[in-house]
Amino acid sequence: MDGRTVDFEAAYNSHWVPLFRYVDRLVGDPDLAADVAQESFVRLLDQAIPDDEVRRWLFTVSTNLVRDDARMTARRRRLLAQQYEQLELTREPLEAPDRAVVRSERIAAVRAALAQLPERDRQLLLMREEGFRYAEIAKAVEVAPGSVGTLLARALARFVEALDPRIAEDEARRGR
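Residues numbered from 1 in each chain as written. Predicted model: local features only at pLDDT ≥ 70, side-chain atom pairs only at ≥ 80, totals over all residues. Heavy atoms only, no water.

## Quick notes on the overall build of the chain
In plain terms, the rule: In this text, helices come from DSSP runs of H or I with a minimum length of four residues, and strands from runs of E with a minimum of two, each type numbered from the N-terminal end. Think of it in three bands: residues with accessible area under 20% of the maximum for their type are buried, residues over 50% are exposed, and the middle band is partly exposed, with areas taken using a 1.4 Å probe on protein chains only. Contacts are assigned to residue pairs with any non-hydrogen atoms lying within 4.5 Å of each other. Accessible surface area values rest on a Shrake-Rupley calculation with a 1.4 Å probe, where residue burial reflects the displayed protein chains alone.
Looking only at helices and strands, the chain features eight helices and zero strands. What you see in the chain, going N to C, is helices and strands ordered as α-α-α-α-α-α-α-α. Across the 176 residues that make up the chain, the buried fraction comes to 31%. Contacts spanning at least 24 positions in sequence make up 64% of the contacts within the chain whose residues lie at least 6 apart. In the form shown here, the chain has an accessible surface area of approximately 12,100 Å², with 51% of it arising from carbon and sulfur atoms.

## What to know about helix α1 (residues 8-27)
As a reminder, the rule being used: Here the bend at each residue means the angle between axes fitted to two seven-residue stretches, the one ending at that residue and the one beginning there.
Roughly 50° is the biggest bend found in α1, and it falls at histidine 15, with proline proline 18 one to four residues downstream. For α1, the full list of buried residues reads Ala11, His15, Pro18, Leu19, Tyr22, Val23 and Asp24. In the segment just after α1, glycine 28 is the residue with positive phi, at about 70°.

## Description of the confidence of the model for the chain
Basically, it comes down to this: pLDDT expresses how confident the predictor is about each individual residue, on a scale running from 0 to 100.
Overall, the predicted model of the chain reaches an average pLDDT of 83, with 81% of residues at or above 70. The spread of mean pLDDT over the elements of the chain runs between helix α8 (residues 165-174), the lowest at 66, and helix α2 (residues 30-44), the highest at 94. A low-confidence stretch, residues 86-92 (pLDDT under 50), is modelled with zero contacts involving residues beyond four sequence positions or located in other chains.

## Description of the packing of α1 against α2
Where we set the bar: In this analysis, axes come from line fits to C-alpha atoms, helices being fitted only over the stretch in contact, and the angle between any two N-to-C directions falls in the range 0 to 180 degrees. Take the far helix as your reference; a near helix turned counterclockwise from it by less than a right angle gives a left-handed crossing, and one turned clockwise gives a right-handed crossing. Polar here means any residue other than Ala, Val, Leu, Ile, Met, Phe, Trp, Tyr, Cys and Pro, which are nonpolar, and Asp, Glu, Lys and Arg, which are charged; Gly is therefore polar.
One can describe the packing of α1 onto α2 by two numbers: an axis separation of 8 Å at closest approach and a directional angle of 145°. Regarding α1 and α2, the two cross each other, and that crossing is right-handed. Facing α1, whose interface residues are Phe8, Ala11, Tyr12, His15, Trp16, Leu19, Phe20, Val23, Asp24 and Val27, α2 presents Pro30, Leu32, Ala33, Ala34, Val36, Ala37, Gln38, Ser40, Phe41 and Leu44. Residues belonging to the contact of α1 with α2 are distributed by class as follows: 16 nonpolar, three polar and one charged.

## A few points about the side chain of threonine 63
For clarity, the threshold we go by: Counting of polar contacts relies on pairs of N or O atoms within 3.5 Å, with two restrictions inside protein: one atom must be capable of donating a hydrogen and the other of accepting it, and residues adjacent in sequence are counted only when both atoms are side-chain atoms.
Mapped onto the secondary structure, threonine 63 falls in helix α3 (residues 51-83). Separated by 2.7 Å, the side chains of threonine 63 and tyrosine 22 make a polar contact. Ignoring anything within four residues of it in the chain, the contact list for threonine 63 reads Tyr22 and Gln123.

## Quick word on the pattern of salt bridges
Spelled out, the test is: By convention in these notes, a salt bridge is any Lys or Arg side-chain nitrogen within 4 Å of a carboxyl oxygen on Asp or Glu.
Scanning the entire structure with this criterion turns up 11 salt bridges. With its nearest N and O atoms 3.0 Å apart, the salt bridge here joins aspartate 68 to arginine 71. Taken together, the residues span about one helical turn, with aspartate 68 and arginine 71 both in helix α3 at a distance of three residues. Aspartate 68 sits in the partly exposed class, given a relative accessible area of 39%. The class for arginine 71 is partly exposed, based on a relative accessible area of 47%.

## Details of the environment of aspartate 7
Here aspartate 7 shows up in the segment before α1. Note: C-alpha distance between aspartate 7 and leucine 45 (38 residues apart in sequence) is 9.5 Å.

What follows is the structure in structure tokens.
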């Protein structure tokens, strides 16, 4: 391991897919998610941390990179809006089968509901979805491990409240 604590290849093999999936759900853009996950692993090369901390470290770095990108994007949008107040860039939606349309609508509804939540609630729900244990989530969001269950339950309740009622009813009928 060349004097480093991190077994990079093992970390990559274990954490790339869940990290990418987490970031993709966070940003809704697979290309950006791949870039963020890659940058997180590049930064891992310079770290000397225990293997059991690598997962949490990678997810924390990725979350911070997404925040930084969101801030930069917001600044760019403000500048563009000032310069081109009347210009609207729209993209024509592609014609898709009915299932793809329904799926796209559901994804959009879930992303919209997630966007309405406070940042910590989003992070809690997405980390739990990726299989993080309560202790890992507690470290990442800097709360007591005993409070994670309550925080997750409240975050989930706020998510369900923010979710389009038609989607929530449909999901409840499907048993999800």
